[in-house]
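Report on the structure
Chain by chain, the residues run as shown.
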Amino acid sequence: MRALILGGAGFVGLHLADRLVADGHTVTIVDDFSRGRDDERIGALRAHPGVDVRSADLTSARAWAELPPGYDQIYLLAAVVGVRNVEADPARVIRVNTLTALHLLDWVQPGERIFFSSTSEVYAGGVDAGIVPVPTAEDVPVMVADVTSPRFAYAISKLLGEAAFIHGAAAKGCTAVVGRFHNVYGPRMGTDHVIPEMALRALSGEDPFRVWGADQYRAFCHVDDAVEAVLRLMARPEVTGEVVHIGDDTAETNIADLAHLVLDLAGVSPTIERLPAPPGSVTRRRPDLGKLRRLTGFEPTVPLADGVRRTFEWYRDRLDATGSLPRQPAPLASPAR
């Protein structure tokens, strides 16, 4: 099978690429490396005879014209993500995420199969408004609490993408499935996510140890489980035009308890300083995976304690002598990630 991963140097994209290569497939990775790392993991894939790694700005029509056609499966993971990035430049979020999706729809060939990565943020406003239950299924109303808030630019861009691929793929004679990721974590995910961010501060000896939104709850999903769910969805052609939640609904974790788990791994016992959650941060998040189970038989397999330990150890092992992670390389092209 020939697979194309757009945003394949990023967090989920790299883990997906590793899995597809291990399963014997030919993989093309496209990324602009504005956020995805061009590191030893990408280097190992670049050296593999079945892998083609390309640097390209996916907001540019020229990049698509230069991309060879003919794939069995296409995974669109390229996007501007991360709360800090979104709030710093919401216009870029809208532009990059929307243009990348629409260019793909113009470029895709009849018969190809697409996975579009979406997010639980598309319905998050409804949770805090009290109209969306937790655990949350796919059939709840989507809701953006405030279209003027920079934070919600990401959710808006992903909601447009959902509609674009549900309706546009069918019009092009393709099949598409939308996967809404819920708090996926693991090694090599950058430093903005709560788990690596806590890990790095714990390793630095921060005291008091700051915990924002300590009273909030999340259901965390290890990246290996998320990749397994994506591959199961893509392996079933009958799953077409569907929106499916991807995550781990077996446990809902309090953020203060998560902090204690990370601190125990670091072997430190600082004073905990509880701080307000960032504006717009949903109080609870936990997917209902009933639909994913019915369609694929998927079950999460990585317990939180094991996944957090593996993630913590990855970041700890990569700290340099100054206590910082090695710097990421400068972007190789205009932002598309």
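So, how was this worked out
Residues numbered from 1 in each chain as written. Predicted model: local features only at pLDDT ≥ 70, side-chain atom pairs only at ≥ 80, totals over all residues. Heavy atoms only, no water. Buried < 20%, exposed > 50% of the residue type's maximum accessible area, 1.4 Å probe, protein only. Helix = DSSP H or I, 4+ residues; strand = E, 2+ residues; numbered from the N terminus. Contact = heavy atoms within 4.5 Å. Pairing = 2+ DSSP bridges. Axes fitted to C-alpha atoms, helices over the stretch in contact; angles between N-to-C directions. Core = buried A, V, L, I, M, F, W, Y, C linked by side-chain atoms within 4.5 Å. 1 Å grid on protein atoms, 1.4 Å probe; cavity = no way out; pocket = protein on both sides within 12 Å on 5 of 7 lines; lining within 4 Å. Points joined across faces, edges and corners; volume = space filled by probe spheres on them. pLDDT = per-residue confidence, 0-100. Polar contact = N/O pair within 3.5 Å; in protein donor to acceptor, adjacent residues only side chain to side chain. Right-handed = clockwise from strand over helix to strand, strands pointing away.

Most of helix 8 (residues 194–203) is tucked away: eight of the 10 residues are buried. Listing the buried residues of helix 8 in full gives Ile 195, Pro 196, Glu 197, Met 198, Ala 199, Leu 200, Arg 201 and Ala 202. Those residues of helix 8 hidden inside the fold are in contact with helix 4 (83–88), strand 7 (184–185), strand 8 (209–212), helix 10 (255–266) and helix 12 (304–317). Of the residues trailing helix 8, Gly 205 is marked for its positive phi of about 85°.

Take the sheet that holds strand 6 (residues 175–181) next. Overall, parallel pairing links the seven strands, which are arranged 3-2-1-4-5-6-11 in an open sheet. Sheet topology places strand 3 (51–55) and strand 11 (242–246) at the edges, where each strand pairs with a single neighbour. Neighbouring strand axes in the sheet, compared pairwise and without regard to direction, differ in orientation by 20° on average. In terms of strand pairing, strand 2 (residues 26–31) meets strand 3 through five bridges, oriented parallel.

Moving on, we come to the nonpolar core. In terms of nonpolar packing, the biggest core is built from 59 residues, with Tyr 75, Phe 115 and Phe 181 touching the most fellow members. Examining the composition of this core, we find that eight residues originate from one element, helix 9 (residues 223–234), more than from any other. In this structure Phe 115 touches Ile 74, Tyr 75, Leu 76, Leu 77, Val 177, Gly 179, Phe 181, Val 230, Met 234 and Ile 246, once residues within four positions along its chain are discounted. With 26 residues, the next largest nonpolar core counts Val 30, Trp 107, Ala 176 and Val 243 among its residues.

On to empty space enclosed by the protein. Throughout the structure, instances matching the rule amount to one cavity of 30 Å³ or more. Taken as a whole, the largest cavity holds about 50 Å³ of empty space. Lining the largest cavity, in full, are Leu 76, Ala 78, Ala 79, Asn 97, Thr 98, Ala 101, Phe 116, Ser 157, Lys 158, Leu 160 and Gly 161. Counting only elements with at least two residues in the lining of the largest cavity, the list comes to helix 5 (90–107) and helix 7 (153–171). Broken down by element, the residue count for the lining of the largest cavity peaks at four residues, all from helix 7.

Per-residue confidence for the protein chain gives a mean pLDDT of 93, with 95% of residues at or over 70. A low-confidence stretch, residues 327–337 (pLDDT under 50), is modelled with 42 contacts involving residues beyond four sequence positions or located in other chains.

Structurally, the position occupied by Thr 98 is in helix 5. In terms of polar contacts, Thr 98 uses its side chain to reach the backbone carbonyl oxygen of Ile 94, at 2.8 Å. In contact with Thr 98, not counting residues within four places along its chain, are Val 93, Ser 157 and Leu 160.

What follows concerns the pairing of strand 2. Counting buried positions over the six residues of strand 2 gives five, a clear majority of the element. Across five bridges, strand 1 (residues 2–6) lies against strand 2 in parallel orientation. In the sheet register, Leu 6 faces strand 2, and the bridge partner there is Val 30. Once you follow strand 1 into helix 1 (residues 11–22) and on to strand 2, the crossover reads as right-handed.

The next point concerns the environment of Leu 105. Among the secondary structure elements, Leu 105 is positioned in helix 5. Separated by 63 residues in sequence, Leu 105 and Gly 168 place their C-alpha atoms 6.7 Å apart. The residues touching Leu 105, leaving out its near neighbours within four places in the chain, are Ala 164, Phe 165, Gly 168, Ala 169 and Lys 172.

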